[in-house]
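So the chains spell out like this:
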Amino acid sequence: MKLNLAISFLFIASIAAAQTKFKPEDTEFYTPKPHVVHVPGGVPDDALVLFDGRDLVEWQSVKDTNQAAPWLVEEGVLTVKGGAGDIQTKKKFGDFQLHIEWKSPELIKGEGQGRGNSGVFLQGLYEVQVLDNTDNPTYVNGQAGSIYKQRPPLVEVRSEEDGWHRYDLIYHAPQFNRDGMLVRKATLTLLHNGVLVQDQAVIEGTTEYIGLPKMMAHGVGPLILQDHGNPVHFRNIWIRPL
Ligand code: MG
């Protein structure tokens, strides 16, 4: 015990001695310089804009990737066309920061998972749930802000006064080695209207309606927006690959 104390004292004393040899500038560096980002209208100028209210040129039908995305664009808002199927980005992504805004349908119809259901599938495989949570009980790992059927949100966040919701998320894709074996699971951090609801949450695998998540090796993938039959609205979608 005495020996341990003596060693600890010597260690601390040696660090203190070393510190006195440093000047402030010894631990300051000037390159590489972070590049400058402007944020006009709230959109970083190094982001890829996926929907700015005008058209769906960045999107396509999931059922038939040769077809344009078959959803509705009116007055700057994108609306799910029930039965037309999911839509996906033409581009594919690995790790990214994503901003997306959504709003439940004006007509309150259905209950549980049948009310205002849509979703954002990261790399086309992992769903971040979009749902009308207001007075609409359902399983907590299926409510808005959940990683569907895996992790409920840390808190239940209500919409802005105008009914819109903002999701800001940071996603790190799973990593696989050359043999296709999983090295690191995917993680998600999600802010819902600026409130933390997923904190580096581990994504266990694919989103499955029935049964356990599956894990298979994959590369970059598209963002998919879900057609669950409800006319959910979206606007202001941009992404920054990391
Ligand atoms: Mg959904």
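This is a predicted model, so every value here is computed, not measured.

1. Observations concerning the layout of surface pockets
And then number 1: For the largest pocket, the calculated volume is near 270 Å³.
And then number 2: Around the largest pocket sit 16 residues that line it, and Ser104, Asp132, Thr134, Ser159 and His165 are the ones nearest its centre.
And then number 3: The residue inventory of the lining of the largest pocket, partitioned by class, reads five nonpolar, six polar and five charged.

2. Observations regarding the pattern of salt bridges
And then number 1: Within this structure, the stated rule accounts for ten salt bridges.
And then number 2: For arginine 158, the salt bridge goes to glutamate 156, with nearest N and O atoms at 2.8 Å.
And then number 3: Judged by its relative accessible area of 44%, arginine 158 is partly exposed.
And then number 4: For glutamate 156, a relative accessible area of 41% gives the class partly exposed.
And then number 5: In this structure, glutamate 204 engages lysine 185 in a salt bridge whose closest nitrogen and oxygen atoms are separated by 2.6 Å. Within this pair, whereas glutamate 204 is found in the loop between strand E13 (195–203) and strand E14 (224–225), its partner lysine 185 is found in the loop between strand E11 (182–184) and strand E12 (186–192), the two being separated by 19 residues in sequence.
And then number 6: Through salt bridges with shared partners, a single ionic network connects Arg151, Lys185 and Glu204.

3. Re the sheet that holds strand E8 (residues 126–130)
And then number 1: Here we have five strands laid out as an open sheet, ordered E2-E5-E14-E7-E8, and antiparallel in their pairing. Only two strands of the sheet have a single partner each, and these edge strands are strand E2 (59–61) and E8.
And then number 2: Two elements, strand E5 (residues 87–89) and E14, share two bridges in a ladder whose sense is antiparallel. Opposite glutamine 88, over in E14, you have isoleucine 224 as the bridge partner.

Each value, and the rule that gives it
Residues numbered from 1 in each chain as written. Predicted model: local features only at pLDDT ≥ 70, side-chain atom pairs only at ≥ 80, totals over all residues. Heavy atoms only, no water. 1 Å grid on protein atoms, 1.4 Å probe; cavity = no way out; pocket = protein on both sides within 12 Å on 5 of 7 lines; lining within 4 Å. Points joined across faces, edges and corners; volume = space filled by probe spheres on them. Nonpolar A, V, L, I, M, F, W, Y, C, P; charged D, E, K, R; others polar. Salt bridge = Lys/Arg side-chain N within 4 Å of Asp/Glu carboxyl O. Buried < 20%, exposed > 50% of the residue type's maximum accessible area, 1.4 Å probe, protein only. Helix = DSSP H or I, 4+ residues; strand = E, 2+ residues; numbered from the N terminus. Pairing = 2+ DSSP bridges.

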